[in-house]
Amino acid sequence: MKKYISKAFQPLAILGLIALVTVGCDRDYLNVDSDIRGVQNFETNRKVFPFVSYTKKSNPIQTNGLPNNLLGVYHDDMQPYGATEASIITQVLPTNLSPDFGVNPTLQSVKLYIPYYSEIESTDDDGVSTYTLDSVFGNQSATFKLSIYRSNYLLRDLDPASDFEDQQLYYSNIFETIDVNSQTLELLYENNDFSISNSTHSVINEDDETEVLAPGIYVDLFNDSNANIINLSDWENLFFPYQDSEELSNNSSFYNYFRGLIFKVEDNTGDGSMAMLNLGDANANITLEYTYYDEDDVDQEELLTGQYTLDFTGIKANNFNNLYTTPTDGDATLGDDNLYLKGMNGNFSVIKLFEGTVQDESGSDVPALEYFKEKNEKWLINEADLIFYVNQDLVNNQSSSNDVESERVILYDLKNNVPIIDYYFDASSNFLSPINSKIIYAPRLERDEDENGIRYKFRLTEHVKNILISDSTNLDLGIFVSTNVNNISTSRIINTTEEDMINFVPSSSTISPKGTVLYGSKESVPEENRATFEIYYTETEN
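Worth saying up front: this structure is predicted, and the values here are computed from it rather than measured.

### Looking at the overall build of the chain
Looking only at helices and strands, the chain has 9 helices and 33 strands in total. Evaluated residue by residue, the chain yields a buried proportion of 53% over its 542 residues. A separation of at least 24 residues holds for 79% of the contacts in the chain among residues at least 6 apart in sequence. For the chain, the accessible surface area stands at approximately 24,600 Å², while carbon and sulfur atoms represent 42% of it.

### Digging into the sheet that holds strand 14 (residues 216–220)
The strand order 5-18-17-6-14 describes an open sheet built from 5 strands, whose pairing is antiparallel. Strand pairing shows two members of the sheet lacking a second neighbour, strand 5 (93–94) and strand 14, which therefore form its edges. Here strand 6 (residues 103–115) runs beside strand 17 (residues 285–293); their pairing, made up of 8 bridges, is antiparallel. Note that in strand 17 the partner of L112 across the bridge is I286.

### Considerations on a negative patch on the surface
There is a patch of like negative charges on the surface, built from D100, D244, D294, E295, D296 and E302. Within the element layout of this structure, D296 appears in the loop between strand 17 and strand 18 (304–311). Take D296: its relative accessible area is 65%, and that puts it in the exposed class.

### Looking at the pairing of strand 25 (residues 408–413)
In terms of residue burial, strand 25 counts as a mostly covered element, since 6 of its 6 residues are buried. The alternating pattern of strand 25 places R408, I410 and Y412 on one face and V409, L411 and D413 on the opposite face, and all of these are buried. Pairing geometry for strand 25 and strand 29 (residues 477–482), over 6 bridges, is antiparallel. Residue pairing across strands places L411 opposite I479, the latter belonging to strand 29. Where strand 25 and strand 26 (residues 418–419) come together, 2 bridges link them in antiparallel fashion.

### Observations concerning the pattern of salt bridges
With the rule as written, the count across this model stands at 18 salt bridges. Of the charged contacts in the structure, one is a salt bridge between R447 and E405, with a shortest N-O distance of 3.8 Å. Residue R447 is found in strand 27 (residues 446–447), and its partner E405 is found in the loop between helix 6 (392–395) and strand 25; the two are separated by 42 residues along the sequence. Using a relative accessible area of 1% as the deciding quantity, one classes E405 as buried. Residues joined by salt bridges that share partners form a network here, namely E383, D385, K457 and R459.

### Remarks on helix 8 (residues 461–469)
In terms of burial, helix 8 is a largely internal element, 7 of the 9 residues being buried. Following helix 8 by one or two positions, D471 has its phi on the positive side, about 55°.

### Remarks on the side chain of T90
Its location among the elements puts T90 in strand 4 (residues 83–90). A residue is classified by how much of its surface remains accessible, and T90, at 0% relative accessible area, is buried. Residues contacting T90, with those up to four places away along its chain left out, are L155, R259, G260, L261, F263, L279, F312, I315 and K316.

### What to know about the nonpolar core
In this structure, F49, F372, L386, F388 and F533 are the most contacted members of the largest nonpolar core, which totals 73 residues. Residues in contact with F49, not counting those within four places in the same chain, are F354, V358, A368, Y371, F372, W379, F533 and I535. L112, L221, F239 and L261 belong to the second largest nonpolar core, which has 48 residues in total.

### Regarding the side chain of D336
Considering the arrangement of structural elements, one finds D336 in the loop between strand 19 (316–322) and strand 20 (338–342). K522 provides the closest opposite charge to the buried, salt-bridge-free D336, at an N-O distance of 6.2 Å. In this structure the side chain of D336 is engaged in a polar contact, spanning 2.8 Å, whose partner is the backbone nitrogen of T55. In this structure the side chain of D336 is engaged in a polar contact, spanning 2.9 Å, whose partner is the backbone nitrogen of D331. If sequence neighbours within four positions are ignored, D336 has contacts with S53, Y54, T55, G330, D331, G520, S521 and K522.

### Considering the pairing of strand 8 (residues 129–133)
Side chains of strand 8 alternate between two faces, with S129, Y131 and L133 buried and T130 and T132 left unburied. Sheet topology places strand 7 (residues 118–123) next to strand 8; 5 bridges connect them, and they run antiparallel. Across the sheet, the residue bridging to S122 is T130, located in strand 8. Between strand 7 and the antiparallel strand that follows it, strand 8, lie 5 residues; G127 among them carries a positive phi value of about 85°.

### Some points on the packing of aromatic side chains
A full pass over the atoms with the stated rule returns 32 aromatic pairs. Ring centres of F49 and W379 lie 6.4 Å apart, and the angle between their planes is 70°; on these two criteria the pair is classed as edge-to-face. A residue pair is termed long-range when its members are at least 10 positions apart, and F49 in strand 1 (residues 42–49) and W379 in strand 24 (residues 379–389) qualify at 330 residues. On the accessibility criterion, W379 (4% relative accessible area) is buried. Ring centres of F240 and Y290 lie 5.4 Å apart, and the angle between their planes is 65°; this geometry places the pair in the edge-to-face category. Linking F240 in the loop between helix 3 (232–239) and helix 4 (251–257) with Y290 in strand 17, this pair joins segments that are 50 residues apart in sequence. An aromatic cluster of three or more residues is present, and its members are F49, F51, F354, Y371, F372, W379, F388, F533 and Y537.

### Here's the deal with the environment of S87
Along the polypeptide, S87 turns up in strand 4. Sequence separation between S87 and N321 is 234 residues; the distance between their C-alpha atoms is 8.3 Å. When residues no more than four places from it in sequence are discounted, the contact partners of S87 are L70, L71, F175, F263, K264, V265, A317, N318 and N319. Among the polar contacts listed, one links the side chain of S87 to the backbone nitrogen of V265, at a separation of 2.9 Å.

### A few points about unusual backbone geometry
Here Q79 and P80 are connected by a cis peptide whose omega angle stands at 5°. By the secondary structure assignment, P80 is in the loop between strand 3 (69–75) and strand 4. The phi dihedral of N59 is positive, around 65°, even though this residue is not glycine. With respect to the helices and strands, the residue N59 is situated in the loop between strand 2 (51–57) and strand 3. Look at N59 and you get partly exposed, because its relative accessible area is 36%. Although it is not a glycine, E451 adopts a positive phi angle of roughly 70°. Note that E451 resides in the loop between strand 27 and strand 28 (453–459).

Cut-off values and rules
- Residues numbered from 1 in each chain as written.
- Predicted model: local features only at pLDDT ≥ 70, side-chain atom pairs only at ≥ 80, totals over all residues.
- Heavy atoms only, no water.
- Helix = DSSP H or I, 4+ residues; strand = E, 2+ residues; numbered from the N terminus.
- Buried < 20%, exposed > 50% of the residue type's maximum accessible area, 1.4 Å probe, protein only.
- Contact = heavy atoms within 4.5 Å.
- Areas by Shrake-Rupley, 256 points an atom, 1.4 Å probe, with all protein chains shown as cover.
- Pairing = 2+ DSSP bridges.
- Patch = residues over 30% accessible without salt bridge, like charges linked within 9 Å, V, L, I, M, F, W, Y side chains within 5 Å.
- Salt bridge = Lys/Arg side-chain N within 4 Å of Asp/Glu carboxyl O.
- Lys, Arg positive; Asp, Glu negative; His and termini not counted.
- Charge placed at Lys NZ, Arg CZ, Asp CG, Glu CD.
- Core = buried A, V, L, I, M, F, W, Y, C linked by side-chain atoms within 4.5 Å.
- Polar contact = N/O pair within 3.5 Å; in protein donor to acceptor, adjacent residues only side chain to side chain.
- Phe/Tyr/Trp six-rings, centres within 6.5 Å; stacked < 30°, edge-to-face > 60°.

Next up, the structure:
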């Protein structure tokens, strides 16, 4: 069975991982031992090579199998971006199949809780903690409309179009695929002024003790104020009558009976915020509390309490709705003046190295790749860099903070759907702080004194050396925004196959709402802003 959740470890990646054992964390890319024996005199040089860079629209992308999901509204004030709504469709599954609800079960409450990523900022003398939210984007004080529906769409593990041999993929336009707006969905909850807050939630646990939950989505789905949406008796009839039925006895039957939830987000204020959620968190669940009598309690003298818990085990997928016109594909032949990078269902940039001509030693214009390959055994490559400058005129026109630019971008080999080999040679991995991981191969966004983005830089020394020494193919590369450069799994682009040149995007870009605008490499771009591809090399003087 084919799977498309992660295609990170191709042969190239494995080769790079093996190379890690020989590369130290303090590797100096400008000090490379000579491979030419008996040569005494060297001269270090720098040469700029041409390349073509252009914008590519990703089209709907696979959103099932992601490590996290996004929920909310993100307003991006960069030109030409705008607002994006991120909704979720998810399966749920009981933690206890074939339940025994006892005699005369009566539902008392239905609570849904999904924690946000957060950290304790401080704790006062009374033990009350204040939290800081992590992985929340946009204006946390802004609100949006949140509706929760019972889904009637069956999410499948296997694709019937492949005779149930391949994994079923779901894409960022899933609401169009299942035609959510035309379906008669059962509304369970609605809030026109929902906000992503760092407030905690005090609840009474099974032992009648007050328990404080960390910040998260906490919704009471069974109360009088919600009765105008769903009758309280409907909740009781949802599970209790099926105690001894097949519907609650196994995963497959339950998924077919209760097909999950839809968290639908709508921008109704012109502002908003978006949170990254881990629906697989052990504390993310729906808890039904009820009272009942034991079957041996014939006179029903002792009222007991029980819980029926559903967690978010199963398929989960995002629907992304861009409320702006996404930049279209750029000029693949001449390149673009501006490169638009945007996560989620946005844009990335394609890079074609050595496209164009350079002057040879006689002053004649010759094909760049041909000239470079002729330097095999004549040049020692010390370092190769790609440098892109931020178009501050388009990026920094936002009215709020400057925390809108993607702090990290990542460079991929588009043919093999993995980062370039320099990524694997970089031993500066940081799993506790991913934003500071792999910073030799690709440093964080360089900023000015006002914290505005200036430039991104990639080191692709090993990649270029392979083209020169190993006669490797000069493959197309792709630049993507990334929330976590440690995550190198990929997501399929809709209506593509293995034969298509571009058929995946990094999953870390799929779950990033941020973006940026970079200057391209065309000659029409002012030289001080123009993207550059430069190679530092050593050649012998004799």
